[in-house]
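Descriptive structure summary
Chain by chain, the residues run as shown.
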Amino acid sequence: MRALVQTAFGGPEAVAVQRVPEPEPGPHDVVVRVAACALNRLDLLQRRGPGMLPGFSLPHIAGMDIAGHVVATGASVTSRAVGDRVVIDPTVGCGSCAHCLAGERGHCAALRVIGGNAPGGYAEFVAVPADLAHPVPEHVGLDEAAALPTPWSTAWQATYRVGEVGPDDCVVVQAAASSVSIAAIQLAKQAGARVVAVASTDEKLAAAAGLGADLLLRGDAPISGPVRDFTGGRGADVVLDHVGAATWQRSLDCLRIGGRLVMFGNTTGDEVSLSLANVYHRGLRLLGSGAYTADDFSLMLDTYFSGGLRTLVAAECGFEELHPTFGRGDSRSLVGRVLVRP
């Protein structure tokens, strides 16, 4: 089969189309013919190097967010059949540790991630455990389904399970045009919250407005004042922040007394400083939102497939258009997901 294979660290030239053997299903696996696979930031980071996930090695086939058709099943598989339309949860645990038994595969010490440290979806076929292949209803396109797994599950956990966003909450969403924030804005609105979208360009803010954001703020200007004006002087109930160091203080400053800062990323740096007195005097809650659970993934799909939510697609490419598309992904100028087709 044809696959995009990373053989070195560096720019887009580190990845090239190669012929590799087609995967064979293990007893509990299915083989999926890939219809589309969405570009993730992890793909870019691990292409530049070094590998970020334990067990990452070269050569590597990236691609975490996959949708397609089942073309083969393992001998013990009864839950899926050839021809099924599926979307893949990319987190693979050992299946027997306490975390896996609790549905928390993302915390398994033996964690494998399809496309992260195991062969992924930038290929014509991919083999995955059958229980990670979720049915896609006929009214949802496979392109659309491929845009869901990582960002929407991450946003689901941050918004609902950790952030506990509810009716009438004011929620500030940093980097509002990123894939995970596009999901978070819609999930927060579905919960009945008012959403303040913060982004770096007017184009990105326009996209956030189209998703239902109530207040649009440029991230290159102070935001705590406008947020307090918007809330009658109270401040935000929740800030959803996966940016990290660059937005840390502004996120804290936006919060009301007793407000919740949900942290689930560090794309601009991992080290921050804070005033302990500011946090405890104001009763702030600093909440880490880590790996999503198996339940999060299933609930996210159920909600999305029920209608009223949408993904944004910035670009589509085949294997041959990979290099310029990766370049656009590196620039972080895109609004929405990039879909790669075999």
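Refer to the structure presented above.
My aim in this report is to walk through the structure given alongside it, one point at a time. (Residues numbered from 1 in each chain as written. Predicted model: local features only at pLDDT ≥ 70, side-chain atom pairs only at ≥ 80, totals over all residues. Heavy atoms only, no water.)

**With respect to the sheet that holds strand β15 (residues 285–288)**
Strands sit in the order β12-β11-β10-β13-β14-β15 across an open sheet of six strands; the sheet is parallel. With one partner strand each, in any of the chains shown, β12 (215–218) and β15 form the two edges of the open sheet. Each adjacent strand pair in this sheet contributes to an overall mean axis angle of 20°, direction not counted. Direction of pairing for strand β10 (residues 170–173) relative to strand β11 (residues 194–199): parallel, over a ladder of four bridges. When the bridges of β11 are listed, V172 appears paired with V196. The sheet contacts of helix α6 (residues 202–210) involve β11 and β12, and relative to β12 the element is tilted by about 165°. (Pairing = 2+ DSSP bridges. Helix = DSSP H or I, 4+ residues; strand = E, 2+ residues; numbered from the N terminus. Axes fitted to C-alpha atoms, helices over the stretch in contact; angles between N-to-C directions. Contact = heavy atoms within 4.5 Å.)

**Some remarks on the packing of helix α4 (residues 149–162) against helix α10 (residues 294–305)**
It is at 9 Å that the axes of α4 and α10 come closest, and there the two elements cross at 100°. Classed by the angle they form, the pair α4 and α10 counts as roughly perpendicular. Along its contact with α4, which presents P149, W152, S153, W156, Q157 and R161, the element α10 presents D295, D296, F297, L299, M300, T303 and Y304. (Parallel < 35°, antiparallel > 145°, perpendicular 65-115°, else oblique.)

**Structural notes on the packing of α4 against helix α5 (residues 179–190)**
Packing of α4 against α5 brings their axes to within 8 Å, and their N-to-C directions diverge by 45°. The angle between the axes of α4 and α5 places the two elements in the oblique class. The handedness of the crossing between α4 and α5 comes out as right-handed. Counted together, P151, W152, T154, A155, W156, T159 and Y160 of α4 and S179, V180, A183, A184, Q186, L187, A188 and Q190 of α5 form the full contact between these two elements. A class-by-class count of the residues in the contact of α4 with α5 yields 10 nonpolar, five polar and no charged. (Left-handed = near helix turned anticlockwise from the far one by under 90°. Nonpolar A, V, L, I, M, F, W, Y, C, P; charged D, E, K, R; others polar.)

**Focus: the packing of aromatic side chains**
To describe a pair of aromatic rings, one takes the distance between the centres and the angle between the planes. Throughout the structure, instances matching the rule amount to five aromatic pairs. With a centroid separation of 4.7 Å and 85° between ring planes, the pair formed by W156 and Y160 is classed as edge-to-face. Taken as a pair, W156 and Y160 lie in helix α4 at a separation of four residues, close to a single helical turn. This pair shows no difference in class: W156 is buried, exactly as Y160 is. Judged by centre distance (6.4 Å) and plane angle (80°), the rings of Y304 and F305 are edge-to-face. The burial state of Y304 is the same as that of F305; both residues are buried. Here the aromatic cluster, defined as three or more aromatic residues joined through ring pairs, consists of W152, Y304 and F305. (Phe/Tyr/Trp six-rings, centres within 6.5 Å; stacked < 30°, edge-to-face > 60°. Buried < 20%, exposed > 50% of the residue type's maximum accessible area, 1.4 Å probe, protein only.)

**Comments concerning a nonpolar patch on the surface**
Together, L274, L276, Y280 and L286 make up a nonpolar patch on the protein surface, roughly 410 Å² of accessible area in all. Turning to its location among the elements, L286 is positioned in strand β15. (Patch = residues over 30% accessible without salt bridge, like charges linked within 9 Å, V, L, I, M, F, W, Y side chains within 5 Å. Areas by Shrake-Rupley, 256 points an atom, 1.4 Å probe, with all protein chains shown as cover. Salt bridge = Lys/Arg side-chain N within 4 Å of Asp/Glu carboxyl O.)

**Things to note about α10**
With 12 residues, α10 extends 17 Å from end C-alpha to end C-alpha; this agrees with the ideal 16 Å at 1.5 Å per step. What α10 keeps buried is the set D296, F297, M300, L301, T303, Y304 and F305. Where α10 is buried, its residues contact β5 (85–88), β9 (133–135), α3 (142–146), α4 and α5. Two residues or fewer after α10 comes G307, characterised by a positive phi angle close to 105°. (Expected span 1.5 Å × (residues − 1).)

Honestly, that's just the spatial picture; any functional story needs more than this.
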